[in-house]
Each structure stands twice: as C-alpha cells, then as structure tokens.
Amino acid sequence: MTRPWAASLDADAADDVGFSPEDAAALLRRHTEILDLVARGASRRLMLDRVVVAIEELIPDSFASILLYDRARRRLRHGSDTRLPASYMATIDGIEPGPSAGSCGTAAYLNRRVVVQDVRTDDRWRDFREAAREAGVVACWSTPIGGRDGRPVGTFALYHREPHEPSAREQRLVDRFCYLASVVIEHTRVLDELIANEQLFRRSFEDNAAGMLLLDLDLRVARANTAAERLIGVPASGLAGEPVTSLLGAPPGQQALFESWLTVGSGTVTQEVRVTTHDGQERSAEATASAIHDAAGVPTAVVVTVLDLTEREAVRHAEQARREAEVARTTAERHSQAKSQLLTTVSHEIRSPLQAITGFTELLSTLDLDERRRGEALRQIDVAAHHLLDIVTDVLDLTKVEAAALPLRLEQVDLRRAAEEAIDLVTPLARSREVRLVLGPPAQVHARADARRVVQVVLNLLRNAVQHGSHGGQVSVRVLGAEAPASDGGQWVTVEVSDDGPGIPEAMMATVFTPWVHHPEGADGFGLGLGLARRLAEAMDGELAVRPSPEGGARVSLRLPACDSDPAGGAP
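As the structure is a prediction and not an experimental result, all values here were calculated from the model. (Residues numbered from 1 in each chain as written. Predicted model: local features only at pLDDT ≥ 70, side-chain atom pairs only at ≥ 80, totals over all residues. Heavy atoms only, no water.)

Draft legend 1. Local environment of the environment of Arg-230. Looking at where Arg-230 falls in the secondary structure, it is placed in helix 9 (residues 226–232). Residue Arg-230 is classed as exposed on the basis of its relative accessible area, which comes to 61%. As a C-alpha pair, Arg-230 and Thr-277 span 47 residues in sequence and 9.3 Å in three-dimensional space. (Helix = DSSP H or I, 4+ residues; strand = E, 2+ residues; numbered from the N terminus. Buried < 20%, exposed > 50% of the residue type's maximum accessible area, 1.4 Å probe, protein only.)

See below:
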C-alpha cells in the first residue's frame, strides 16, 4: 500500500522539470508560504484554504475542495473550499466512502484517483446529481490525500462547469498539493495530540493528591497545586514568588539540599524536609525533586512533590505514606526520563531536516537556478518535510508504548501479506540506494498480533537494512512457520530481515536497540526505528533479536505468538 504522492519522492528530479518555469516558480512560492504557516502554527483551515486557492490559480476555470476523513466514524467532513456553494458542501459533508459515493467518496474508498468527466451521466453520482446541477458542477475528479500509513486522511477534488478530463500537468499539480495538504493535516493532528498531552500533564499536576511545587531557577514558587495549598495553608496565589526555603526546611547539616536540586540531572532526589505552615507549625514531609532541562541540558525549572508524613507514626498511615512516596518517585523518574528522551529526539533528529528545508528554500529564493537544480531542491524539501512527520509520529508512538497507552487490536495476521505491504512502502528508499528487495517463497504463516503494528515493525527493519546495508546490495525477507516454543508454551512464527552490508560491530550489539547511541569508534547508532520496533514487538507479546547474517551483514528476527489458520479470518 503506498500513498498517492509517495512515488514523487522516489522519482527522478526530472519529474519537477516537467513543469513550466512559471509552474515551478508558483509551486516553490506556495510550498514556502504553506511550510511557513506550518512553522508558525497557523490554523488547519487557513493552511488548507491557501492550498485550495493555490490550485485554483494554477488550474483556471476550476474550483477545489478538501474533505477530511474521520476514520473513527468513517465519514468525510468539510475541510476547505473557497467558491463552492454552501448548499452543495452541506450535501457532501459527512458522506460515507463507498464504491458509488461520488468522486470523493469513491476515491477515499478505493484509495486512488477517480475521474468523472460528466457527473450528469456517471452512475457514481446518482445520489448527488441534483446537488451538482444546482451548484453548476459538470465534471469532478478527486485524489485521495495519503497519511503516513498509506491510508487516506482526506480527499482533494477539482470541479469544472464543462465536461473535463485532467491533463498530465493538472494531475502532477494536484499530486504536489495533495502532499502539502497531507503535511498540514498530519502536522495539525500531531499538535492536537501534544495539546492533549499538555492538558493531561496539567490535570496530573493540579489533581495530584500530593503537594506539588514548580520552582524557577531562583528556587522560588512559580506554581503550586491544590494539595500544596492545603498542606501549607496558603492559597496558590499567595505562594507564587515565595522562596522554597521559607516553606520547606532542610534537615540539620543539609542546607545545600535545595541548590542540589538544580544539578540532579535526569534522575530524582528524595529527602525528608520540614513544612512550615501558615500558622507557624512544622510538619514532617518527604520532598521528591526533579530538574527540568532544555535541549542543551541546562536546567530551566524544578518540580517538587511534597508528601506529608506527619501521621506516619500510626502504622497504617505510615505504610500508606511510603507507598504513595514510592509511586511519586517512580512517576517522577519515568516522566523525567521520557522528557529527556523527547528533548534528545527533538534536538538531535529534527534539526537536520529543518536545516535542509531552510537551506534549500533560501537557495531557491536567492539564486537563479536552472530547471534541473530547482527540481532537485524541491525534491529535497519534500523529503525533509516527510522525514519530519515520520520522526514526530515515531516519537509519539514510542511514548505511548512506554506509557502502556498504545491501543492494540490483536487478531490473526497474515505475515507474508504484512511483509509485502512493508516492502511496498520502503521501495522508493530502496530504489534511491539501488538496493534489491527479495521476499522468500510463499508461506501460509499467521501470527496473533496487531496487523498495523506488524507492518510498522517490519517497515522499520527494512528501512534500517536499506540505510545501513550496501549501496546497490540486497535485502532479503523470509517468513517462517512455528519453530520454537514461546514463553507461554505455544509456538513462535518469525519474519527475518537480512542485509549484505558491513554488519553491526560487536561493540554496538549491546546498544543496538537504544535510540541515537554514539560510539567512540565514530559509528552512529540506529536512530529511533529499532528501539521503537522492539517495544512494539514486546507490546504484542513478541520479541526482536539481531545477529550476524551469513551474507556478511545483519539479520533481525521478529518473533510473534503463532495463530492457527482460520478460514473465517478470525483469531483463536
């Protein structure tokens, strides 16, 4: 399964040369404008409106619309249009994709372009023919907007008032703008998830049963939760700006305790302290501090969890307090580690494609390039933007796995079919490195797993093999039946990915699944892909192992619990 625009990423730079100088200049201008809106966090509607306006300018006598695919409800919803009548958009808003659902509904259903030269006679438009007549629509062709998983996230439609068949130029232009629309849609989806995570953190802070303080670098209170208010007896507004030393007292001989919180690194410090309440009383408490760092490792704030231990001399209360303290320490440490990993990801991996986008945009804006070099620059911008989306989505998946919040649907999965889908997705990268992809003999092998995540794991293994294997070499994929007992007494089934590259140095074997580890010999680690693949495999009760390949490279094996073949397609 491939995205409708994915082939353009693998195509020769001459694909862009097919545009006239005017089209190429307009594409560059619109790419730059929309990517700038993405960088500035503009609204999705504004960015999609700009995409619609741009295509209408490049294809005269047409008017466009973008529908967004709500996968959960299986409905196409209004995304953007500039000149279509409101009554017509109301008619198609909420349609369900199907084989006879107009151009857009059919394109989303089939995941390929659908061209209707005359809606007055095409049977796929029978339910929308009257609305089209009232809107003056005679022809409509629609292209699915592909997401990073290859499935549609929306549709891009162009309408005409006369019978019309799109030219090759028009199709290439729409493919380009479908890619931009995909960047916009996926980017705003990621932002929505980040906002939801921020709200989750806010609720975890405010509603925590333990007192929590957020301190600035001067160790003054920037924010306090309700539990801290109750413990100290002062409203949060009254605590703001107060030095932590006026609220918490260090044990005798440990006056430098609070300053040490700024140098705690990525771990936590737990210490008994004295809480001075508003009425002058002192209460025994346990403080767990964790420093927050920026991408350069410089501390920017300190989070302190304060647990009241006053009643611990009562056995029941003391035991409960210790359990809560342990939970608080574990949670604080896990959050701190996740935070550090995310910052490392952003600073190490996102900087390179951002620099590529900025550099090539500046190059195109300042130099008079010939058509071949202009096309290559546009292709590099496309590749960098696509790489950014993959990085952010992989980071989000990894954090969900680590938080045990990744939804999994365990069912019977045909491993050969999953391998074929992954091979389709990695083919453009393999072509760019002249690598031959070989799939072993057909085999009926089924695993009990999540089909989408199996494809994701195999795709990550293939990408790693292509990138680290020999240029012009070969990557082999084999699907093997049950060979060894699984941990639960059942059987394993296996997907093996082998390359003929230089292999993995012995010194790197222990950290091959650790993201972005660098070694004294100068060899880079394996990015996020293998680490994410291993965690996904474990989430499906499987395992991932790596060993040298007989061909001289590396062999990575994904083993999953076997699932007996079921003619009805179910899982036992």
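Having seen it, we continue.
Draft legend 2. Quick peek at the sheet that holds strand 9 (residues 269–276). The 6 strands are arranged 7-6-11-10-9-8 in an open sheet whose pairing can be described as antiparallel. Looking at strand neighbours, the two that pair on one side only are strand 7 (221–224) and strand 8 (248–249), the edges of this open sheet. With 3 bridges connecting them, strand 6 (residues 211–215) and strand 7 associate as antiparallel partners. Along strand 7, the bridge assignment pairs Leu-213 with Ala-224. (Pairing = 2+ DSSP bridges.)

Draft legend 3. Main features of the packing of helix 14 (residues 415–432) against helix 15 (residues 451–468). Across the interface, helix 14 lies against helix 15 with an axial gap of 8 Å and an inter-helix angle of 40 degrees. Judged by the inter-axis angle, helix 14 sits oblique to helix 15. Every pair of crossing elements has a handedness; the one defined by helix 14 and helix 15 is right-handed. Across the interface between the two elements, Leu-415, Ala-418, Ala-419, Glu-421, Ala-422, Ile-423, Leu-425, Val-426, Leu-429 and Ala-430 from helix 14 touch Val-454, Val-455, Val-458, Leu-459, Leu-462, Arg-463, Val-466 and Gln-467 from helix 15. The residue inventory of the contact of helix 14 with helix 15, partitioned by class, reads 15 nonpolar, 1 polar and 2 charged. (Axes fitted to C-alpha atoms, helices over the stretch in contact; angles between N-to-C directions. Parallel < 35°, antiparallel > 145°, perpendicular 65-115°, else oblique. Left-handed = near helix turned anticlockwise from the far one by under 90°. Contact = heavy atoms within 4.5 Å. Nonpolar A, V, L, I, M, F, W, Y, C, P; charged D, E, K, R; others polar.)

Draft legend 4. The arrangement of the pattern of salt bridges in detail. Using the criterion set out here, one finds 26 salt bridges in the structure. In this structure, Glu-96 and Arg-74 form a salt bridge, with 3.7 Å as the shortest nitrogen-oxygen distance. Placement of Glu-96 in the loop between helix 5 (86–92) and helix 6 (102–110) and of Arg-74 in the loop between strand 1 (63–70) and strand 2 (75–81) is noted, with a sequence separation of 22 residues between them. Among the residues examined, Glu-96 registers a relative accessible area of 40% and is labelled partly exposed. (Salt bridge = Lys/Arg side-chain N within 4 Å of Asp/Glu carboxyl O.)

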